[in-house]
Amino acid sequence: MYNPKRRRGLSPKLQQNWEGPYTIVKKLNDVIYRVQRSPNAKPKAFADDLALVIGGRTAREFEKNTNAALAKIASCLDSLKLTLSIQKCQAIIYRSILFQKFSKRNSTVLNRKPTFKIKNTTIKITDSLKILGITIDNKLTWTAHINTLYDRTLFLTSNFNRIIKTDWSVNKNLIKFWYNTVIEKALLYGASVWGGALNKYHVDRLHTIQRIFLLKFARGYRTTSTNVLNVLTGIPPLHITAKAEFLKFQIWVRRSGDYNDIINNVQLDHNILTNEAHESDVRWNIHDLSS
C-alpha cells in the first residue's frame, strides 16, 4: 500500500526499514478513528490488516450499514492517498441464535446473501475466513480451522521425515523436544480460543493429524493404535493439550470463575500474598533481634 514517490537523485530503496510500516500504521489509525464514530461499525486492526464488525436487525439494515461503513473507509483511504486491494477483501456473515429460533429451517445463514460493494466492486462472501492465522466459519464450529491443520501437517512433516530417514540414530529425546517446541506449538496455535469447543469429529481429526508424527517418532507399525502410540511415546493427545491451553487461558488470563473446582484463583492469590507478608514479618523480627 505504501509506495514512495521517486525523486531525482533519491532512491525509494534507501529508506529505512521502519519507515514504510510506520507510515501505514499511522495512517490506518486515522482511518480507524474516523470509522469508530459511526454507531454500527466496530473496526479492529492488527498491523496492516483491518477487520470490520457490523451488525443489523434485518438483512436490509445490515446491508445498508455495511455499505455505508465501506464507503466511509474508501473515502478515508483516498484522502490519505492509500489504495485498498478490493480483490483481497472478504466477508463472512453470522446469524444470531435468537433469529435462528424464529427461522423455519433453523438455518445459520440468510435466505438471501446481502451485497457489499466498494467503489462498485462486489466483495466476495465466503463460508470461512482466515484472520491472524485462525480460520473461522459462519457457524463458529471451528471445523474449518481443524481441517486446515492437516495441510499444515504435511508441510511440517517434510523436514521431520528427512531427519529421521537420513539418520536413525537420532536421540529420541531430541526428536521429542522438537515435536513439543515446533510441531505441537504450530498445530495448537490459538488453542486457548478453540480448545474448549471440540466435538467428536474434531477429536478424531486431531488424532489423525497427530498419528503421522507418532508413527515416525515411535517407528512402529501402521496397525498400531493411536492411543498405544501416545502411551509409548509419552506424548498426550492433541485434544487434551488443546483443552489444557484453553483452561489455562480461562483461569490465568480471563480470571473466569467457572473453573473454581479446578483451582480457586482468589485463594491462590491470597496464599501468595500471605506467604510474602509472612516472609516480611520474619525478616523484620530477625532484624529486631539482631539490633
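Under an unreviewed UniProt entry, the name given to the chain is Integrase p58-like C-terminal domain-containing protein, and the source organism is Araneus ventricosus.

> Residue-level account of the pattern of salt bridges, with values.
Tallying each qualifying case throughout the model produces three salt bridges. Residue K119 pairs with D78 through a salt bridge whose shortest N-O separation is 3.0 Å. Here K119, found in the loop between β4 (117-118) and β5 (121-122), pairs with D78, found in helix α2 (residues 59-79); they are 41 residues apart in sequence, far enough to count as distant. Of the residues examined, D78 reaches a relative accessible area of 41% and is grouped as partly exposed. In this structure, E245 and K248 form a salt bridge, with 3.4 Å as the shortest nitrogen-oxygen distance.

> Quick rundown of the nonpolar core? Include the residues and the values.
Here is a general trend for soluble globular proteins: nonpolar side chains tend to be buried in one another's company. Ranked by size, the top nonpolar core spans 27 residues in total, and within it I183, L187, W194 and F213 carry the most contacts. Of all the elements in the fold, those that place two or more residues in this core are β8 (134-137), α4 (143-166), α5 (172-187), α6 (191-194), α7 (200-218) and α9 (238-253). The element best represented in this core is α7, accounting for six residues. Beyond its immediate chain neighbours, meaning those up to four positions away, L187 contacts L149, T153, L156, W194, I209, F213 and L238. Listed in part, the 23 residues of the second largest apolar core include I24, I54, A69 and I125.

> Lay out the packing of aromatic side chains in plain terms, naming residues and giving numbers.
For the structure on display, the rule yields two aromatic pairs. Their ring planes at 85 degrees and their centres at 5.5 Å tell us that F62 and F116 sit as a pair that is edge-to-face. With F62 in helix α2 and F116 in the loop between α3 (97-102) and β4, this residue pair connects regions lying 54 residues apart in the sequence. Relative accessible area serves as the criterion here: at 13%, F62 is assigned to the buried category. An angle of 55 degrees between the planes, with centres 6.0 Å apart, marks the rings of Y179 and F213 as tilted. Remark: F213 occurs in helix α7 and Y179 occurs in helix α5; sequence separation between them is 34 residues. Exposure class is identical for Y179 and F213. Each is buried.

> Lay out α9 with the relevant residues and their values.
Look at α9: 22 Å from first C-alpha to last across 16 residues, which is about the 22 Å you get at 1.5 Å a residue. Residues L238, T241, A242, F246, L247, Q250 and I251 constitute the buried set of α9. Count one or two residues on from α9 and you reach R255, which has phi positive near 55 degrees.

> So what's going on with unusual backbone geometry? Residues and values would help.
Residues apart from glycine generally show negative phi values, whereas peptide bonds are mostly found in trans. With a phi angle near 55 degrees, L132 is a residue other than glycine that sits in the positive phi range. Structurally, L132 can be placed in the loop between β7 (128-131) and β8. The exposure class assigned to L132 is partly exposed, which follows from its relative accessible area of 43%. Even without a glycine there, the phi angle at L140 is positive, about 55 degrees. Looking at the secondary structure, you find L140 in the loop between β8 and α4. Its relative accessible area of 51% is what places L140 among the exposed residues.

> Before we move on, could you go through the environment of G56 and cite the residues and values that matter?
Within the element layout of this structure, G56 appears in the loop between β2 (49-54) and α2. Judged by relative accessible area, G56 falls into the partly exposed class, the value being 38%. Once the C-alpha coordinates of G56 and T66 are considered, the two residues, 10 residues apart in sequence, prove to be 9.0 Å apart. Once residues lying within four places of it in the same chain are set aside, the contact partners of G56 are E61, F62 and N65.

Basis of the calculations
- Residues numbered from 1 in each chain as written.
- Predicted model: local features only at pLDDT ≥ 70, side-chain atom pairs only at ≥ 80, totals over all residues.
- Heavy atoms only, no water.
- Salt bridge = Lys/Arg side-chain N within 4 Å of Asp/Glu carboxyl O.
- Helix = DSSP H or I, 4+ residues; strand = E, 2+ residues; numbered from the N terminus.
- Buried < 20%, exposed > 50% of the residue type's maximum accessible area, 1.4 Å probe, protein only.
- Core = buried A, V, L, I, M, F, W, Y, C linked by side-chain atoms within 4.5 Å.
- Contact = heavy atoms within 4.5 Å.
- Phe/Tyr/Trp six-rings, centres within 6.5 Å; stacked < 30°, edge-to-face > 60°.
- Expected span 1.5 Å × (residues − 1).

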